[in-house]
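# Examination of the molecular architecture
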Amino acid sequence: MPIKKPLGKKGEKKAIKANRPVKADWKEGMKKKITGVADMTLLTKITNEAINENLMKRWQNKEIYTYIGSVLISVNPFRDLGIYTEQVLESYQGKNLLEMPPHVFAIAEAAYHHMNSYKENQCVIISGESGAGKTEAAKRIMQYIAAVSGGASSSIQEIKEMVLATNPLLESFGCAKTLRNNNSSRHGKYLEIQFNTQGEPVGAIITNYLLEKSRVVGQIENERNFHIFYQLTKAAPPEYQESYGLQGPESFLYTSRSNCLQVEGIDDVQDFNETINAMNVIGLAKHEQDEIFKMLAIILWIGNIVFAEDDAGNAMISDPDVASFVAYLLEVDNESLSKALTSRIMETQRGMRRGSVYEVPLNVAQANSVRDALSKSIYERLFEWIVTRVNASLEARGAAEYVIGVLDIYGFEIFDDNSFEQLCINYVNEKLQQIFIELTLKAEQEEYVREQIQWTPIKFFNNKVVCDLIEEKRPPGIFAALNDACATAHADPAAADNSFVQRLGFLSSNPHFEARSNKFLIRHYAGDVLYNVQGVTDKNKDALLKDLHQLVTASGNTFVADTLFPERIDPNSKKRPPTVGDKIKLSCNALVTKLMQCHPSYIRTIKPNDNRSASEYDDKRVLHQVQYLGLCENIRVRRAGFAYRTTFDKFLERFYLLSPATGYAGEYVWNGDAVQGSLEILRHNNLPQDEWQMGTSKVFLRHPETIFGLEHMRDRYWHNMATRIQRSWRNYVRYKHECATKIQQFWRRNKYNIGYQQMREYGHEILAQRKERRRYSLVSMRKFTGDYLDITNGSGGADVIRNAISFGVNEQVVFSMRGQTLVARAMRASIPSPRTLVLTNQALHFVMTTRKDQVVSTIDEKVIPLNSIQSASVSTLCDDWVILHTNNPEGDTILSCMFKTELLAHMLQQTNARITVDVQPEIQFKKKGNKTSVMKFIKDETAVGDGLYKSRVVRIQSGQPASSMSDPPCSVKPRAVVRRQPKQTTTTRPRPNPTRSSVPASKSIPAHAPVISASNSPPPPPPPPPAATPQPSSEPKYKAIYPFETDQDGELAIEMGDLIEVIEQDDNGWWLAKKNGKEGWVPSNYLEEVVEEKPTPPPPAPPARTRRPPPAIPPAETVEQHSPLPTPAAYVTPAAPVIPSAPAIRSVPAIPAIPSVPSTPSIPATPRATKPSLPSRAPVASNSPTPPLASKPVLPKPVVAPASTKPTPAPRHIIANVNAAPIPVMPGVAAPLNANGVPPWRAQLEAKRAAAAAENTGDGSDGKPSPPVAPKPVVPARPNNLGKPAIPSRPAQLQPSQNPAATSLAEALRQRRQ
Ligand SMILES: Nc1ncnc2c1ncn2[C@@H]1O[C@H](COP(=O)(O)OP(=O)(O)OP(=O)(O)O)[C@@H](O)[C@H]1O
Ligand SMILES: [Mg+2]
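Residues numbered from 1 in each chain as written. Chains lettered and ligands numbered in written order. Predicted model: local features only at pLDDT ≥ 70, side-chain atom pairs only at ≥ 80, totals over all residues. Heavy atoms only, no water.

The name given to the protein chain in an unreviewed UniProt entry is Myosin-1, with Hesseltinella vesiculosa as the source organism. As stated in UniProt under Sequence similarities (unreviewed entry), the record for the protein chain gives "Belongs to the TRAFAC class myosin-kinesin ATPase superfamily. Myosin family." Per its UniProt entry, the protein chain bears the Subcellular location (unreviewed entry) comment "Cytoplasm, Cytoskeleton, Actin patch". (UniProt positions renumbered as here; feature names shortened; annotations may be inferred.)

## Overview of the site of ligand 1
In the region of ligand 1, 18 residues are neighbours, and Ser 130, Gly 131, Lys 134, Thr 135 and Ser 184 sit closest. In the model, an oxygen atom of ligand 1 is placed 2.6 Å from a nitrogen or oxygen of the Gly 131 main chain. Counting only elements with at least two residues in the shell around ligand 1, the list comes to helix H4 (134-148) and strand E5 (184-185). Broken down by element, the residue count for the shell around ligand 1 peaks at three residues, all from H4. (Near = heavy atom within 4 Å. Polar contact = N/O pair within 3.5 Å; in protein donor to acceptor, adjacent residues only side chain to side chain. Helix = DSSP H or I, 4+ residues; strand = E, 2+ residues; numbered from the N terminus.)

## Brief notes about the pairing of strand E1 (residues 65-68)
On E1, burial covers both faces: Tyr 65 and Tyr 67 on one face and Thr 66 and Ile 68 on the other are all buried. Here four bridges tie E1 to strand E2 (residues 71-75), and the two strands are oriented antiparallel to one another. The partner of Tyr 67 across the bridge, within E2, is Leu 72. Where E1 folds back onto E2 in an antiparallel hairpin, the turn is made up of two residues, including Gly 69, whose phi is positive at roughly 65°. (Buried < 20%, exposed > 50% of the residue type's maximum accessible area, 1.4 Å probe, protein only. Pairing = 2+ DSSP bridges.)

## Considerations on the confidence of the model for the protein chain
When the pLDDT values of the protein chain are averaged, the result is 76; 74% of them are 70 or greater. Every residue in residues 977-1033 is under pLDDT 50, and counting partners more than four places away or in other chains gives 83 contacts. Low confidence marks residues 1257-1306, where pLDDT is under 50. Its contacts with residues over four positions away, or in another chain, come to 144 contacts. (pLDDT = per-residue confidence, 0-100. Contact = heavy atoms within 4.5 Å.)

## Considering the packing of aromatic side chains
The geometry of an aromatic ring pair is captured by the separation of the ring centres together with the interplanar angle, meaning the angle of the planes. Enumeration according to the criterion identifies 33 aromatic pairs in this entry. A centroid spacing of 5.1 Å and a plane angle of 85° characterise the contact between Phe 252 and Trp 301, whose relative ring orientation is edge-to-face. Remark: Trp 301 occurs in helix H10 (residues 286-303) and Phe 252 occurs in the loop between helix H7 (238-244) and helix H8 (253-256); sequence separation between them is 49 residues. As far as the burial class goes, Phe 252 and Trp 301 line up, both buried. Aromatic pair Phe 412 and Tyr 628: ring centres 6.1 Å apart, planes at 35°, arrangement tilted. Of this pair, Phe 412 sits in the loop between strand E12 (402-408) and helix H14 (420-450) while Tyr 628 sits in helix H22 (residues 619-628), and the two are 216 residues apart along the sequence. No difference in accessibility class separates Phe 412 from Tyr 628, as the two residues are buried. One aromatic cluster is present, formed by Tyr 84, Tyr 92, Phe 105 and Tyr 144 through successive ring pairs. Here the basic side chain of Arg 224 rests over the ring of Tyr 230, its NZ or CZ set 3.9 Å away from the ring centre. Stacked on the ring of Phe 846, the Lys or Arg Lys 862 has its end atom at 5.5 Å from the ring centre. (Phe/Tyr/Trp six-rings, centres within 6.5 Å; stacked < 30°, edge-to-face > 60°. Lys NZ or Arg CZ within 6 Å of the ring centre and 35° of its normal.)

Here it is in structure tokens:
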């Protein structure tokens, strides 16, 4: 197999380097599936039948080419498969045989590349039966070489054009329609294209072999003369018609006798033009063309000379005018022509001297024979002259260094009656077969020796014995016997034939020969052929009669006399002219010598049927060809040692994917040499040691299965990669959606709490794990919600405290909680006294409630402005004491508060972290009159509960380590959609029109109320199903009552009237819905449940609320009551509910009045005394507080979740929000959202849409705009976790809206509640 290597000197040894190959192409895995095996050395079973079957499968799959190693087998498709286009040609350029599917272009590329790389002459030997496709293959090779060989110079282009033009020219003169092939080559041709050192074609030489000249004078029925005769007679220009008396082919006996003037698929007129064109390209001058056509006319007219028998029984010309016209054209004497055709000059010999001369008249048969001999001779010489003339034109321009020869020779022939022509043809084929065997074996043997590989020679039939039988001189072979017979009995052909038969007797001992009376049989490699002896000697002699020779040499036409017949007979010469046998032997041996000097490529053509059918595969016919072409032996020889071999670098390049050491993710990663790389691949794939051998430059694999296996793995590699990528991608997409849904769910559930959680984290950062933790504070992460007593709203008993405090301008409560403070006593130690601690954005208020004489009075006992607090101190133990260091002459303030961390967090938040917090084991503080004292903290495991305070000493049990982290909140189970039981559907009443009528608010069930309570009572028995009524779907469906346009990720756009499935109902106004397989969030108030009406009256009404209303629908009155903005009437109807815009509705229930954490068990009243039982979470709606500490004063009534305090926001509201002040944020974090938590752009968009919808009365919603989407709540941004937060100036002095930088989290929370 030719191997591509850079140009280098022949024989030069090179280090085998692993060149980095081109990146493997994933598209290879997508290539068309190959049928059968492309290289038959890889056939698992080597029989003629297996080969035949493989060829058949491929042929039927339009794959006409198959390899045996580097030998190309081509099965004639008899149709245009479109496989010789420019693109296909280009695809083979620069590729080796293994890289591309088998093709004649690949053979041409290999030969051309080998010539350039190895500086070796190349030959392509094309063999096969008549009509198998040899000439077509030869033409394709020329096409390829002309296309790929460089050379922009005009002379090279000219040569290329000329080489291609030789095809139509020589086909016209050398091809004819036969029974086997409409364009059968009736001569052998060896075309050598000459190249210069750059691989550019500089010239060409054509060698012609054995033209079938007998065809000129006669053909069997339904065959034709050479194409040129029909072209000329049908398409000759008027000047030729006139000058040469040309008429249609039917007018000439040589063209009409076989009754075949027209051939399907051949256009003689067009072909004539092409012939003329080819002559012009090749450079035949007009006068030369004239001479050629004149000769053809002469031949045609000679054929029309008919003989009749005269009275003496001798031949006489029937129509002397025809003879005269021939004499005129031939420019010979009319008399001489007639004489030469009807008589023969005989000369007697006396001893060695010439004797008398006689003129012997010929009979009609003899005259016909002489006439035809003249025609044949003229045509043969004309053809040879044309070849010579073409060669003259193709003569090399510049130094020709290398050649690529293409041999297109007639195929092996077996007829019923085989004569001398078949003997010659079959002899040539024997010789070619011999070269094939010799060269393939030789090459194989040499390779094994060179590569130091051991192999067992295979037995095969060497046809040298048949070649010897035909051509040997001693003992004389068939040609020698023929010559002898011709020499001894030259006068009488019959006697010569007899003499030949006798001489054949000497060959009877040869096992490949058999004499059978006047016939003889030769056992050729391709089959036994029986030859007829009659006329063989005459044909072998092929001497032009002396009379005829004299006639033509006497012609006044120099083209005839000097060009076609230049030789002059020496009457005294004793030298025997060479016979045809001599000539063919000579030229054949010359050819063999030439071919043996070249690097050969083989194309073995096969004919699938005799009917030129594109669909018929004649099994037997092909099997025979497979047999005689010796394909089986070819494969065996090829596989005798190792079925597959390739150079190390090629092997590595092809299979580097198969080892992680050589290839990774399709990339070539090997850095070592090619030998080690190949070894790595072989070893990594666990190939048995006896399955492969390393030569000196190549890897040898013994069995075809091995290479199949490797190829298969290589193919699968890309598929596996593709599958992995697909799997990963699908996983990624699924994961992305899951994550998105989770994030959305999380956000929707937690957005109201995030601010509180951030506050909590901030508080813990302040203490920075310096203070021990109380055990129960670790139970779960509590949110820091601030105003636990709801002083802001004054709900419950909080109004008493609220009224007691005289709040300053813009003073807002951020934290409220029960606590204690140390009160001084005269002459006695201070004691703790209960207080209500109310922290505002300006001061910390200590509210005291006293009872005197049954009168309860509440006073704001002490107010510490925040700006007077310098720092705060807490102990390292888990007690609740906080000392606030102030510049007050009354001394520092000492307080105890269960939520001291939160209190400190709010304080720092309000002061922008100006107050520092110290954590110390002992705390020094100022007493009245600037005296200092120390408060001590002592661990005492007997001090249960919150510890004991006595005389500036706090005793407290050990707490949890300061680094302890609270448990995460328990996950809240998503609220499943409560599927409505269809049987409970009791909508006997007509459904109220949601846009006009309203359902009383009292009928609606709060979102958090257990809907299934309706089904607590046993449901009524189901009514019998109506006979033909379809069962209502058990899946509740929702209908979009407004269009919801969105292009937001995670949201689902819906059209009005869309039926959608609700997967999850969140209380925040957004439901997870599914439409056409797509999931996304939609505003719940845009949906209405679809209730299928029953045709029959329903059973008695079950409990009234069978249909769950949308969550969090405020009662209409409440909405109106609290709405600060006028709301269009349409919005207050519960049937078109909207999500209240104020997040407080949702957030308040989430805020426990005591330190119970949503989703986690609330802490029991006296947790420290007994093991706490962890009751389940109190329903949010009930807001039943858990009392903080039993010993503490009674807390005011806990905050009850207010009913919807916000009305349905109108579009105007949204617009207003767009212009609202930015949301207050934690220090150092920019405000991302507006006051509603909606990004400004989004709010504007929504507002615009709503406004547009409101104006648009033709939008299908009865002129009523869509309700606004539930606004997103205010979520304070995360505090800056890194170091101290950047603190904006105090918010107290400024209106939040006036100075966004001065706003705070507390402000944000307050705003949100409002
Ligand atoms: N590769 C091919 N693709 C399409 N048609 C082909 C191909 N090869 C051969 N043929 C068809 O088969 C016919 C015979 O082919 P071709 O003339 O090459 O045979 P051949 O082997 O040269 O025969 P002969 O020995 O008689 O000269 C062609 O004229 C063409 O119609
Ligand atoms: Mg041919």
